[in-house]
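Residue-level listing of the chains:
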Amino acid sequence: MSELRFDGQTVVVSGAGGGLGKAYAVFFGARGANVVVNDLGGSFKGEGQSSKAADMVVNEIRAAGGKAVANYDSVENGEKIIETAIKEFGRIDILLNNAGILRDVSFKNMSDDDWDLIIKVHVKGAYKCARAAWPHFRKQKYGRVINTASAAGLFGSFGQCNYSAAKLSQVGFTETLAKEGYKYNIICNVIAPIAASRMTQTVMPPDILENLKPDWVIPLVAVLVHPSNKHETGSIFEVGGGHIAKLRWERAKGALLKTGPSLTPGAILRQWKNVNDFSEPSYPSGVADFMSLLEEAQKLGENEPGEHIDYTGKVAVVTGGGAGLGRSYCLLFAKLGASVVVNDLVNPGDVVQEIQKNGGKAVGNKASAEDGDAVIKAAMDAYGRIDILVNNAGILRDKAFANMEDKMWDQVIAVHLRGTYKTTKAAWPYFLKQKYGRIVNTTSTSGIYGNFGQANYAAAKLGILGLSRALAREGAKYNINVNTIAPNAGTNMTRSIMPEEMVQAFKPEQVAPLVVALCSDQVPKPPTGGLFEVGSGWHARTRWQRSGGHGFPVDVKLTPEAVVKAWSDIVNFDDGRADHPEDGQDGLKSIINNMQNRSSDVNKPREANTDTLDKIEKAKKLHSEGTKYKYDDKDIILYNLGIGAKRTELPFVYENSDFFQALPTFGVVPYFGAEIPWSMNEVLPNFSPMMLLHGEQYLEIRKFPIPTAATLVSYPKLVEVIDKGKSAIMVSGTTTKDVATGEDIFYNESSAVIRGSGSFGGPSKGADRGASTAVYQPPKRQPDAVVEEATTEEQAALYRLNGDRNPLHIDPDFSKMGGFKTPILHGLCFFGISGKHVYQSYGPFKNIKVRFAGTVLPGQKLRTEMWKEGGKVIFQTKVVETGKLCIAGAGAELLGTGKTTKL
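Throughout what follows, the structure given in this document is the object of discussion.

Conventions adopted
Counting starts from 1 at the beginning of each chain's written sequence and moves along it residue by residue. Whole-chain, interface and lining totals are the exception, using all residues; otherwise, since this is a predicted model, local features are given only for residues with pLDDT of at least 70 and side-chain atom pairs are given and counted only at 80 or more. Side-chain descriptors were evaluated using all non-hydrogen atoms of the structure, hydrogens and water having been removed beforehand. Helix numbering and strand numbering both begin at the N terminus, where a helix is a DSSP run of H or I of at least 4 residues and a strand a DSSP run of E of at least 2. Here the globule rule reads 2.2 Å times residues to the power 0.38, and the radius of gyration is calculated from C-alpha atoms. Three exposure classes are used, based on accessible area relative to the maximum for each residue type with a 1.4 Å probe and protein chains only: buried under 20%, partly exposed in between, and exposed over 50%. We call two residues in contact when some of their heavy atoms are within 4.5 Å. Methods summary: accessible areas were calculated by the Shrake-Rupley approach with a probe of 1.4 Å, and residue burial reflects only the protein chains presented. Only four residue types enter the charge count: Lys and Arg as positive, Asp and Glu as negative, with His and the chain ends excluded. Lysine's charge is taken at NZ, arginine's at CZ, aspartate's at CG and glutamate's at CD. A strand pair is defined by DSSP finding two or more bridges across the two strands. All axes are obtained by fitting lines to C-alpha atoms, using only the stretch in contact for helices, and the reported angles, taken between N-to-C directions, cover 0 to 180 degrees. An angle counts as roughly parallel when it lies under 35 degrees, as roughly antiparallel when it exceeds 145, as roughly perpendicular when it falls between 65 and 115, and as oblique in every other case. Less than a right angle of anticlockwise turn of the near helix away from the far helix marks a crossing as left-handed, whereas a clockwise turn marks it as right-handed. Three residue categories are used. Nonpolar comprises Ala, Val, Leu, Ile, Met, Phe, Trp, Tyr, Cys and Pro, charged comprises Asp, Glu, Lys and Arg, and polar comprises the others, including Gly. Throughout, the arc means that of the directions going from the helix axis to the C-beta atoms. Note on aromatic pairs: the rings of Phe, Tyr and Trp (six-membered ring only in Trp) are paired at centre separations within 6.5 Å, and the planes decide the class, stacked below 30 degrees, edge-to-face beyond 60, tilted for the rest.

1. Focus on the overall build of the chain
Scanning the chain from terminus to terminus reveals 30 helices and 28 strands. In terms of overall dimensions, the chain is globule-like: its C-alpha atoms have a radius of gyration of 30 Å, near the 29 Å expected for 903 residues. Across its three principal axes, the chain shows a C-alpha extent of roughly 90 × 80 × 45 Å. Taking all 903 residues of the chain together, 57% fall into the buried category. Within the chain, residue pairs in contact and separated by at least 24 positions form 76% of the contacts whose partners lie at least 6 positions apart. Of the accessible surface of the chain, which amounts to about 36100 Å², a share of 51% is contributed by carbon and sulfur atoms. Seen as two clouds, the 104 positive and the 96 negative side-chain charges of the chain have centres 2 Å apart.

In structure tokens, the structure reads:
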């Protein structure tokens, strides 16, 4: 494809004196753009000022034949930066909001200056530059904006509450600009870059920084701001180290409960699994259909009450408690025994009297949430402690971005974002001292998804979510839980943006039970760090989903043109590779993994390691002497129970049943302990058992019905070793025969991925062996059959009695060494459970093949989704609690007609 050029366009880059900003400026200068190099010239902490940094970049661009001018203003004075572009080049086409500073410090030690300076540079600065450019973009019906988030914002980061808040605010801000700008051909996106700079060198090790050059970020940005991009807008991208992926919001199906008196905190907690059920997720771009939800909720029967929650002895502070949502929170806390501090800038007294009239305890506090010390002091003066803080106070100053005034921006950020910070900061020392605290902060769907006319509100509200996620990490070890809600309710505040009938229908009392539930000690693990959308009796968790993305070789210069070619991979959420990152380590995972991706792995012929190739060929010719396995009905029953057979399913658990049988996946048991005639350590270079992963499993059943008692003998054979550059795939095939008859009973083919053992010059693609190498892709339609089954806490302990005694599945200390917080379920166990679902839905099958895609914890629920395609069943299995695939690209070839078997 032709080179993406920017001739005649003007690009403004803030913070362009070094690091990523400099790399942007130099790149666009080389691609024909006029560049405004903005840099204040201060330290990465925001101290000092100098023109030197910007001047050096300008000189470099000019020396290479490009056009550039310097600007030394702070981004707070965004209008002066944009004015420079208009004055020097007559236009502005692209704005890259890149300027940033760090003030990292634990929350308990954070000063107001640490908070205010970060917000001023990252949040106000991005607003000011975009606001100044916006009229020009609208007039010329063309504009491109890139705002900058970070992993700290997306997931929350310890010691970076200020930075996390500022950076996630950019997502809400960008999504709103994208919606307002689209009809004017103004395209706005936000990136979370991982790149080496003055800022990141203080928080990343040198060996990682070496592979995180800014050059890996630029090509994505170039594609997003090029005139050819007319539709990719309002999007979030994670980029760095040669890897690019897209993120989007994923919303759980949620729990719908009847509204009214039976909608209690206990009733919600009783349905907590449904609140967190991602088995049927949605990927919204805006608020849920709360009117339809309300209509459905009102048709339901009364809710089962669940456990009663008692707040006697607890002290709850609610900001903005004088009306609307805050009032409903105060009343419910008081009803359940809490002593309540009703904070409200206008009138806390009426709610205090209402509580006292009902026999509850309450005091009023008339102060702004920005005066957090005064708010918390009211609790300490009245009750001597604080246990719960609900940050609810808020205002609206809605305006189209083209007409938004600085005062509107500042007021909303101050009340919502700074107010939440100030009250939490005042309460934090008390929470730390007593090693107990519960915080519920308030975001909005306007922040999560963006909303017309609410750029200020969206930025503030998603900034609160970033703060909450960072606080949850810092507070976890002190038993301080921090959660965030996005409520939908009719209040005086929302009356300006909702029709009156909606204001009347969406009652705050439909939100309060979730808030009170989240502040209890009964929330199932994890009890902190969650984001929940709530209203109309509906309660659902919302989280990130990330595409599998695309990794580019780290030894080849990345270009925008290469990014364009890989675009379908970058934005594909439906190929089975998508995941759900929850912390900074998850965020770095794909990028760190890509650091071993070199062009030699895929493009260049590998230098053959003849010694390794010879050893592989010799190993393939070795013959096994055979390993015997004797079993009877007890072993059949043990296996069937190990993959979830119930005591009522007599054909699986009772040897005297007329239909007593082994479930078909029993075929993986007899060969499991068979002795292989080759040594992995001798065959593969750099072999380590710690680097081995079970990749795929194929089972062929060659004898029907499967004998319920026999002596079998298994003969393993090395089938092939595939060279994938960074890793090797070793495929072994095992034929299992009946000793008495000599008949084949089973054939298993197992693929093991051994990381770090590739690049020996072997074949990069495996042979086609029919069913054992078949590739199955789920059809683009709803499944024809779905089976859900909860595993038990004892599942792994039971399944291991079939022969796999790996301590990873039973010993917590050993599992931690393997990187798992708790022992995990055997892959062949959930393979068996999935196979059982296929068998019970469609009848016997003659072969089955799966690809292992994730881990399962004992006690989690599995959901097998199946599609019948002729004589085959294509299927995949998900963990319901996480929504992640544990088995992907799977298929079974049916025996005979494939009619459902009745058992």
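Having seen it, we continue.
2. Regarding the pairing of strand 25 (residues 845-852)
In terms of residue burial, strand 25 counts as a mostly covered element, since six of its eight residues are buried. Looking at chain direction, strand 20 (residues 692-701) and strand 25 are connected through five bridges and run antiparallel. Considered in strand 25, the bridge of Gln 697 is made with Val 850.

3. Thoughts on the packing of helix 1 (residues 19-30) against helix 2 (residues 52-63)
Viewed as axis vectors pointing N to C, helix 1 and helix 2 meet at an angle of 25°, and their least axial separation amounts to 9 Å. In terms of orientation, helix 1 and helix 2 fall into the roughly parallel class. Note that helix 1 runs across helix 2; the crossing there is right-handed. Counted together, Lys 22, Ala 25, Val 26 and Gly 29 of helix 1 and Val 57, Glu 60 and Ile 61 of helix 2 form the full contact between these two elements. In terms of residue class, the contact of helix 1 with helix 2 is made up of four nonpolar, one polar and two charged.

4. Digging into helix 11 (residues 290-299)
Turning to helix 11, its buried residues number three or more, namely Phe 290, Leu 293, Leu 294 and Ala 297. Buried residues in helix 11, looked at end-on, bunch into an arc of 100°, giving them a common side.

5. A closer look at the sheet that holds strand 25
Reading across the sheet, the 10 strands line up as 19-21-22-23-20-25-28-27-26-24 and stay open at both edges, with antiparallel pairing between neighbours. Two strands bound the open sheet, and with one partner strand each, they are strand 19 (627-631) and strand 24 (785-790). Here the average twist between neighbouring strands, direction ignored, is 20°. Lying over the sheet, helix 30 (residues 827-842) contacts strand 20, strand 24, strand 25, strand 26 (861-869), strand 27 (872-879) and strand 28 (885-894), oriented at roughly 140° with respect to strand 25.

6. Let's talk about the packing of aromatic side chains
All chains considered together, the criterion is met by 23 aromatic pairs. A centroid spacing of 6.5 Å and a plane angle of 70° characterise the contact between Trp 134 and Phe 137, whose relative ring orientation is edge-to-face. With Trp 134 and Phe 137 both in helix 4 (residues 112-140), this residue pair falls three residues apart, about one helical turn. As far as the burial class goes, Trp 134 and Phe 137 line up, both buried. Ring centres of Phe 830 and Phe 852 lie 5.9 Å apart, and the angle between their planes is 80°; on these two criteria the pair is classed as edge-to-face. Of this pair, Phe 830 sits in helix 30 while Phe 852 sits in strand 25; the two residues are 22 residues apart in sequence, bridging distant segments of the chain. Overall, the relative accessible area of 2% leaves Phe 830 in the buried class. Judged by its relative accessible area of 13%, Phe 852 falls in the buried class.

From the geometry alone we can't say anything about function, so treat these as descriptive.
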